[in-house]
Amino acid sequence: MNTGSCLCGGVKFSVAAFEPLVGHCHCNMCQKFHGAAFSTFIEVKREHLHWHSGIHLLTHYRAKNDSERSFCQRCGSSLLFESKFNREQGTVEIALSAFDDKPNVTPDAHIYLENKVDWYTPNDSLCKYQGYRKS
Ligand SMILES: [Zn+2]
Ligand SMILES: [Zn+2]
């Protein structure tokens, strides 16, 4: 069990189990959403995510590609991402930085490097994809 929260502490949640995929996403939308060079989301099955407080503080933004991002309306913390694919699979992606304990997970790849910012280049040994992961 791992617990997480937003910056103001209004939104609190816990996760009972993680799915294996944890990617650093360099797409433009993640850059904007996080205000950072890339985002790191971890996939979780819906039934493994439990809200403890502040669900009324969650505000949602649905983009043209039908993906939906959720954030705290009080402090602006980026928390959730859900694509059409996630909805079909019954999963959601949670911002890894929102966890307060240290989840025992290791990101496996950089994705959407075609949109990478000029001022940061990953030099680790993770798999690197210009778009989404290739199966
Ligand atoms: Zn907050
Ligand atoms: Zn992204």
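Up top is the structure these notes are about.
The rules behind each value
Note that residues are indexed from 1 along each chain, following the sequence as it is written. Chains carry letters and ligands carry numbers; both start at the beginning, A for chains and 1 for ligands, and go up in the order they are written. Two thresholds apply to this predicted model, a pLDDT of at least 70 for residue-level local features and 80 or more for giving and counting side-chain atom pairs, whereas whole-chain, interface and lining totals are computed over all residues. Secondary structure is summarised from DSSP: a helix means a run of H or I of at least four residues, a strand means a run of E of at least two, and numbering begins at the N terminus for each. Any residue with 12 or fewer other C-beta atoms within 10 Å of its own C-beta is exposed, any with 20 or more is buried, and the rest are partly exposed; the C-beta atoms used are placed from the backbone. Here the rule is simple: two strands pair whenever DSSP picks up at least two bridges between them. We define a nonpolar core as a collection of buried residues of the types Ala, Val, Leu, Ile, Met, Phe, Trp, Tyr and Cys that are connected via C-beta atoms lying within 7 Å of each other. Two residues qualify as being in contact provided that their C-beta atoms, derived from the backbone, are within 7 Å of each other.

Peer 1: Describe unusual backbone geometry, listing the residues and the values that go with them.
Peer 2: For Asp66, which is not glycine, the phi dihedral falls at a positive 75 degrees. With respect to the secondary-structure elements, Asp66 resides in the loop between strand S6 (58-62) and strand S7 (68-72). Judged by C-beta crowding, with 10 C-beta atoms within 10 Å, Asp66 ranks as exposed.

Peer 1: Tell me what's going on with the sheet that holds strand S10 (residues 109-111), and back it up with residues and numbers.
Peer 2: Spatial ordering of the open sheet is given by S6-S7-S8-S9-S4-S3-S10-S11, a layout of eight strands whose pairing is mixed. The open sheet has two edge strands, S6 and strand S11 (127-128), and neither has a second partner. In this structure, S7 lies alongside strand S8 (residues 78-82), joined through four bridges in antiparallel fashion. Paired with Phe71 across the strands is Ser78, a residue of S8.

Peer 1: Can you break down the nonpolar core residue by residue, with the values?
Peer 2: Core analysis: the largest hydrophobic core is formed by 20 residues, its most contacted members being Cys25, Phe41, Leu79 and Ile94. Elements with a minimum of two residues in this core: strand S4 (39-45), S7, S8 and strand S9 (91-95). Those residues in contact with Leu79 that sit more than four places away from it in its chain are Cys6, Val11, Ser70, Phe71, Cys72, Ile94, Ala95 and Ala98.

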